[in-house]
Every structure is written in structure tokens, then in C-alpha cells.
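Here are the chains, one letter per residue:
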Amino acid sequence: MSATAAETGLSETEREGLELVRETGGIHQSEFWKALDISSRKGSRVVDSLVDQDLIQREETVYEGHNTYYLTPMPSDLDFSLLMAGDMLSPFVGDEEVDPQSDAFTQWVMNLAYEE
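Below, the structure is looked at part by part. It should be emphasised that the depicted structure is a prediction, and the values quoted were computed from it without experimental measurement.

### Section: the sheet that holds strand β2 (residues 56-63)
At step 1: With antiparallel pairing, the three strands of this open sheet are ordered in space as β1-β3-β2. The sheet terminates laterally at β1 (27-28) and β2, the two strands that pair on one side only.
At step 2: The pairing of β2 with strand β3 (residues 66-73) spans eight bridges and is antiparallel. Within the sheet, the bridge partner assigned to R58 lies in β3 and is L71.
At step 3: Most of the contacts of helix α2 (residues 12-24) go to β3, to which it runs at about 85 degrees, and overall it touches β1, β2 and β3.
At step 4: Of the strands in this sheet, β2 and β3 are in contact with helix α4 (residues 40-52), which crosses β2 at around 135 degrees.

### A short note on the packing of α2 against α4
At step 1: The contact between α2 and α4 brings their axes to 10 Å, and the two run at 75 degrees. The angle between the axes of α2 and α4 places the two elements in the roughly perpendicular class. Along the contact surface, α2 presents T13, E14, G17 and L18, while α4 presents K42, V46, S49 and L50.
At step 2: Along the lines of polarity and charge, the residues of the contact of α2 with α4 split into three nonpolar, three polar and two charged.

### A look at the side chain of T68
At step 1: Tracing the sequence through the fold places T68 in strand β3.
At step 2: At 3.4 Å, the side chain of T68 forms a polar contact with the backbone nitrogen of S30.
At step 3: Beyond its immediate stretch of four places on either side in the chain, T68 contacts H28, Q29, S30, E59, E60, T61 and Y63.

### A word on the pattern of salt bridges
At step 1: For the coordinates displayed, the defined rule picks out two salt bridges.
At step 2: The partner of E31 in a salt bridge is K34, and the shortest N-O contact between them spans 4.0 Å. Within this pair, E31 and its partner K34 are both found in helix α3 (residues 29-35), separated by three residues, close to a single helical turn.
At step 3: A relative accessible area of 27% means that E31 is categorised as partly exposed.
At step 4: Measuring nitrogen to oxygen at the nearest pair gives 2.6 Å for the salt bridge that ties D48 to R58. Of this pair, D48 sits in helix α4 while R58 sits in strand β2; the two residues are 10 residues apart in sequence, bridging distant segments of the chain.

The rules behind each value
- Residues numbered from 1 in each chain as written.
- Predicted model: local features only at pLDDT ≥ 70, side-chain atom pairs only at ≥ 80, totals over all residues.
- Heavy atoms only, no water.
- Pairing = 2+ DSSP bridges.
- Helix = DSSP H or I, 4+ residues; strand = E, 2+ residues; numbered from the N terminus.
- Contact = heavy atoms within 4.5 Å.
- Axes fitted to C-alpha atoms, helices over the stretch in contact; angles between N-to-C directions.
- Parallel < 35°, antiparallel > 145°, perpendicular 65-115°, else oblique.
- Nonpolar A, V, L, I, M, F, W, Y, C, P; charged D, E, K, R; others polar.
- Polar contact = N/O pair within 3.5 Å; in protein donor to acceptor, adjacent residues only side chain to side chain.
- Salt bridge = Lys/Arg side-chain N within 4 Å of Asp/Glu carboxyl O.
- Buried < 20%, exposed > 50% of the residue type's maximum accessible area, 1.4 Å probe, protein only.

Here is the structure:
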């Protein structure tokens with residue numbers, strides 16, 4: 001995974017926090033700072049920084065009877081180029097079953113091969 005411009009300027013703690021959120025897929029802020037072994041105050045600053053840089057999302061929630069936030073990774077942009085061969089969209093998109101003997105599939109594979 002390549003780092004975005006925002007990620008290259010992160011402190012070590014911010015990078016660790018971002019990695020934690022991404023690895024877990026979501027974590028409560030009250031558990032976030034404990035997992036990083038930092039104070040709740042520093043944890044809040046790290047979260048604020050990651051939210052401000054649009055690297056994670058924060059949603060209010062109640063966890064173990066206390067108000068806190070649930071932190072989730074920011075959804076990544078979809079790369080539709082992976083479905084393309086030249087200017088042809090993959091025949092697998094939208095069809096339930098693709099005949100590997102079809103002309104459309106053969107042409108798509110040939111375009112994919114010629115991109116290299």
C-alpha cells in the first residue's frame with residue numbers, strides 16, 4: 001500500500017494509530033489510546049489529527065456505559081482501472097457468468113495482454 005501525501009508527514013504515534021485503526025477495521029477511542037500505550041489526552045490529539053487529515057472517521061457512541069468515539073478507517077478510493085483492458089471494461093462486470101470462449105472475453109484478454 002502506498003502512502004498518501006498526508007501519511008508521509010505523520011508522527012510515529014500517528015502512523016501507529018492509523019495502522020491500528022486500519023488493522024482492526026474499527027476501534028473505540030477509549031481502547032485506541034490504551035492499545036498504543038499513550039495517555040487519553042495524547043490519544044485524543046492523535047485522533048483529532050488523523051480525522052483532520054481525512055485518514056480516519058470518528059463517530060459518537062456509547063461503549064461499556066461511557067460516551068466515546070468509534071474510529072474507522074476512511075474508505076479508500078476505488079480504482080476502476082483494474083477492471084479495464086485499454087478502453088474495454090471487463091466482461092465480468094455485470095454478467096453473472098462469462099463464457100471464456102466468447103469473442104468479448106477473448107478481445108478483453110488480448111487488450112490486457114497488449115497493455116504490458
